[in-house]
Amino acid sequence: MSEHEQDKELRLIAQQTQNWVERVIMKYNICPFARREVERGSIRYTVIDESKMHNVLEALIKECKFLDDNPEVETTLFIVPRGFEGFYLYLDLVDLANNLLIEQGYEGVYQLASMHPDYCFDGEPMDEPSNYTNRSPYPLLHIIREASMEKALTSYNDPESIPERNIEFTQRKGSDFFAQLLSQCMKK
């Protein structure tokens, strides 16, 4: 694959992820804090073209440093399209990434939210509609500024109800509805 083709593919992956944020997460209010950041243009979509664990973790710390230096960027969707398609290997990445944030002094600064095309909450069947609250077009780590999250949560009435509301909504709509939405996000 030429460098131009590779760059085009990475831009497409970022666009498909942005489609998902706008057409699923924001549109259906899965995350009530997404709309503001989408409208402000403060979400960074970073596609990591690495498949080895240590390279991805190194890139994650570089992204945290980028966020340190660029406070106008509220959050990063750190997209890892290759090497972590298997959900259990992806969960290993999540565990190592969380440990690395602590080791690098980022505990209390950034937190990670995990999304994956095959996301499945512990103890739930794969076809449970609520899994779609964390299903994304590609494996990704959402790097969240903890201070911003704390501020957003204090201004939101009853933040503890968000997961319950999402579960009720996804169960009412069903898995097929969300699978179709995800599929539509993948179109060019």
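As a starting point, this report considers the structure included with it. (Residues numbered from 1 in each chain as written. Predicted model: local features only at pLDDT ≥ 70, side-chain atom pairs only at ≥ 80, totals over all residues. Heavy atoms only, no water.)

## Focus on unusual backbone geometry
And then number 1: The backbone of asparagine 29 sits at a positive phi, close to 55°, despite the residue not being glycine.
And then number 2: By relative accessible area, asparagine 29 is classed as partly exposed at 33%. (Buried < 20%, exposed > 50% of the residue type's maximum accessible area, 1.4 Å probe, protein only.)

## A closer look at the layout of surface pockets
In this approach the atoms are scanned with a rolling probe the size of a water molecule, which exposes any empty space left behind.
And then number 1: Counted as a void, the largest pocket has a volume near 1,000 Å³.
And then number 2: If you trace the largest pocket, you find 37 residues lining it, with Cys31, Phe33, His142, Ile144 and Met149 closest to the centre.
And then number 3: With 5 residues, the single largest contributor to the lining of the largest pocket is helix H5 (residues 146–154).
And then number 4: Partitioned by chemical class, the residues of the lining of the largest pocket number 22 nonpolar, 9 polar and 6 charged. (1 Å grid on protein atoms, 1.4 Å probe; cavity = no way out; pocket = protein on both sides within 12 Å on 5 of 7 lines; lining within 4 Å. Points joined across faces, edges and corners; volume = space filled by probe spheres on them. Helix = DSSP H or I, 4+ residues; strand = E, 2+ residues; numbered from the N terminus. Nonpolar A, V, L, I, M, F, W, Y, C, P; charged D, E, K, R; others polar.)

## Topic: a negative patch on the surface
And then number 1: Side chains of Asp158, Glu160, Glu164 and Glu168 sit close together on the surface and give a patch of like negative charge.
And then number 2: Along the polypeptide, aspartate 158 turns up in the loop between H5 and helix H6 (161–173). (Patch = residues over 30% accessible without salt bridge, like charges linked within 9 Å, V, L, I, M, F, W, Y side chains within 5 Å. Areas by Shrake-Rupley, 256 points an atom, 1.4 Å probe, with all protein chains shown as cover. Salt bridge = Lys/Arg side-chain N within 4 Å of Asp/Glu carboxyl O. Lys, Arg positive; Asp, Glu negative; His and termini not counted. Charge placed at Lys NZ, Arg CZ, Asp CG, Glu CD.)

## Quick word on helix H4 (residues 87–103)
And then number 1: Its 17 residues place the ends of H4 24 Å apart at the C-alpha level, agreeing with the 24 Å of an ideal helix rising 1.5 Å per residue.
And then number 2: When H4 is considered as a whole, its buried residues turn out to be Phe87, Tyr90, Leu93, Val94, Ala97, Leu100 and Leu101. Down the axis, H4 shows its buried residues gathered within 130° of arc, on one side only. In H4, the exposed positions that point more than 90 degrees away from the buried face belong to Tyr88 and Glu103.
And then number 3: Looking at the buried positions of H4, the neighbouring elements they touch are helix H3 (53–69), strand E3 (110–115) and strand E4 (140–145). (Expected span 1.5 Å × (residues − 1). Arc of directions from axis to C-beta. Contact = heavy atoms within 4.5 Å.)

## Considerations on the environment of isoleucine 143
And then number 1: Mapped onto the elements of the fold, isoleucine 143 is located in strand E4.
And then number 2: The class of isoleucine 143 is buried, set by a relative accessible area of 0%.
And then number 3: Taking C-alpha positions, isoleucine 143 is 19 Å from phenylalanine 87, a pair spaced 56 residues apart along the chain.

## Considering empty space enclosed by the protein
And then number 1: Summed over all chains, the structure comprises 1 cavity of 30 Å³ or more.
And then number 2: When its volume is computed, the largest cavity comes out at roughly 30 Å³.
And then number 3: Around the largest cavity, the lining residues are Trp20, Val24, Tyr132, Arg135, Phe178, Leu181 and Leu182.
And then number 4: Among the secondary structure elements, those contributing two or more residues to the lining of the largest cavity are helix H1 (3–26) and helix H7 (175–185).
And then number 5: If one sorts the elements of the lining of the largest cavity by residue count, H7 sits on top with 3 residues.
And then number 6: For the lining of the largest cavity, a count of residues per class yields 6 nonpolar, no polar and 1 charged.

## A look at the nonpolar core
And then number 1: Core analysis: the largest hydrophobic core is formed by 26 residues, its most contacted members being Phe78, Leu141 and Ile143.
And then number 2: Sorting the residues of this core by element identifies H3, H4, E3 and E4 as the ones contributing at least two each.
And then number 3: When near neighbours in sequence (up to four residues on either side) are disregarded, isoleucine 143 contacts Leu60, Glu63, Cys64, Leu67, Thr75, Thr76, Phe78, Tyr110, Gln111 and Leu112.
And then number 4: Core analysis: the next-biggest nonpolar cluster, separate from the first, contains 23 residues, Val24, Leu77, Phe178 and Leu181 among them. (Core = buried A, V, L, I, M, F, W, Y, C linked by side-chain atoms within 4.5 Å.)

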